[in-house]
Structure formats: C-alpha cells, structure tokens
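Residues per chain, in single letters:
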Amino acid sequence: MTDQHLSSVSNMSFDDFGATTDLDEQLSQANEQSSYGGISLAIVDPDQAVRDYLAGLFDGRVDTAGSLTEVETRLGLSPIVVILGPSCIEPGDLAMVEQWARTQPHVGTVLVTAELSTQLLQKALRAGVRDVLSAPIDKAQLLDTVTRVAEGLASSTQLDSGSRPTTGEVFG
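Everything quoted here is computed from the prediction, not taken from an experiment. (Residues numbered from 1 in each chain as written. Predicted model: local features only at pLDDT ≥ 70, side-chain atom pairs only at ≥ 80, totals over all residues. Heavy atoms only, no water.)

Looking now at the environment of Trp100. Positionally, Trp100 belongs in helix α5 (residues 91-103). Once the C-alpha coordinates of Trp100 and Gly128 are considered, the two residues, 28 residues apart in sequence, prove to be 8.1 Å apart. Those residues in contact with Trp100 that lie beyond four places of it in its chain are Leu68, Val71, Glu72, Leu75, Val82, Pro105, Val107 and Thr109. (Helix = DSSP H or I, 4+ residues; strand = E, 2+ residues; numbered from the N terminus. Contact = heavy atoms within 4.5 Å.)

Turning next to the confidence of the model for the protein. For the protein, per-residue confidence averages 74 on the pLDDT scale, and 68% of positions sit at 70 or higher. Here residues 1-21 scores under 50 on pLDDT; set against residues more than four positions off or in separate chains, the count is 35 contacts. For residues 161-172, every residue scores under 50 in pLDDT, and the model assigns this stretch five contacts once sequence neighbours within four places are set aside. (pLDDT = per-residue confidence, 0-100.)

Strand order in the open sheet formed by five strands is β2-β1-β3-β4-β5, and the pairing between neighbours is parallel. Whereas interior strands pair on both sides, the edge strands pair on one side only; in this sheet they are β2 (63-65) and β5 (131-134). Averaged over all pairs of adjacent strands, the angle between strand axes in this sheet comes to 20°, irrespective of strand direction. Inspection of the sheet shows strand β1 (residues 40-44) paired to strand β3 (residues 80-84) by five bridges, in the parallel sense. Its bridge partner lying in β3, Ser40 is registered against Ile80. (Pairing = 2+ DSSP bridges. Axes fitted to C-alpha atoms, helices over the stretch in contact; angles between N-to-C directions.)

With seven of seven residues buried, strand β4 (residues 107-113) is to be regarded as a mostly interior element. Of the strand pairs in this sheet, β3 and β4 are connected by five bridges, and their pairing is parallel. Note that in β4 the partner of Leu84 across the bridge is Leu111. Of the strand pairs in this sheet, β4 and β5 are connected by four bridges, and their pairing is parallel. By the bridge assignment, Val112 is partnered in β5 with Leu133. Note on the crossover from β4 through helix α6 (residues 118-127) to β5: the handedness is right-handed. (Buried < 20%, exposed > 50% of the residue type's maximum accessible area, 1.4 Å probe, protein only. Right-handed = clockwise from strand over helix to strand, strands pointing away.)

Taking 1.5 Å of rise per residue, the 13 residues of α5 would be expected to cover 18 Å, and the 18 Å separating its terminal C-alpha atoms lies within 8% of that figure. Taken residue by residue, α5 has Asp93, Leu94, Met96, Val97 and Trp100 as its buried positions. One side of α5 carries all its buried residues, which in axial view fall inside an arc of 155°. Away from its buried face by more than 90 degrees, α5 exposes Pro91, Gly92 and Arg102. Contacts made by the buried residues of α5 are with α4 (68-74), β3, β4 and α6. (Expected span 1.5 Å × (residues − 1). Arc of directions from axis to C-beta.)

Listed below in structure tokens is the structure:
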C-alpha cells in the first residue's frame, strides 16, 4: 500500500464529518446484533492499520483478514458483506471478487478506495463489487452502504431458499 493510500485512510475522522449521536446509536444497535439481519461483516486489506481503522468503525465486531484468499477459506453458506480496503484493487483481487459473484451469491463486496477513477469504478462493478466508496468516507456513508448490501443479500437469500414474494412485492 502506498503512503498516499494509508494517509487517505488513516486521516478519515468521523468527528470531522459531524457524526451524530443518532448515527452512533444506529451503529451500536447494528453491532449489538453482531450482524446486519444475520449477515456477517469482514474487512480485508493487507495493511493491519487499515483493517484496524475500518474495524473500529464497527466497534471491532467484524472479522478481519489480510487477503481475499484468507476470507475465502472462511466462507460458508451464510450471507456476508466483505469490505475491501484500498489495497484490494489488484487484478487478482478483482478476479476473485468476480468468481465470488458467479459462484457465491451470498457474498456481497464493498470497495473502499483512496483514488476513485472511472476506470477503477468500471472494473470493480464489472467484477461484481456492490458499491465503491472513495476515501475519506464517513460513518453514515459506510453504515448506509453496508446496510443496503446486507438487505440485498438477505432478500436474495430468502428467494434462493425457496420463499416466494407475495402479491405486490417487487423483485430486485
């Protein structure tokens, strides 16, 4: 990871974004459940400082890993949102995310990047990343993104398990 990447991530301070007590309460409630609707969270980045920082946003109630390969060995059949740190933009990482998108629909990925470009956004979305956040991120943005991805996984998991929508429900 370049010094610029680490600087962008380590300089993210939610006090600077005016985080509210309501937001802290929302995050606390979500963390008390240890997951979002039964969906686990994992943070991946080779840099321990980045993993610690991102895990701290969830009060440490997430799994962390230094590589996507490490996460892959832990994947079961339960839904999981994997937050990829800024160092996880190598072609091999995106290839693994693409494989997960095809073979493990219960895995949703979010990429946090220090340098967002149109090219990176296209590559990430084509690989199956559900959302891309540009550093510095704020607590509300991350919570909203993880919640949205988790809700999408929960919905698709329910459909995959054989439940059918009732009249008037819209397929996503």
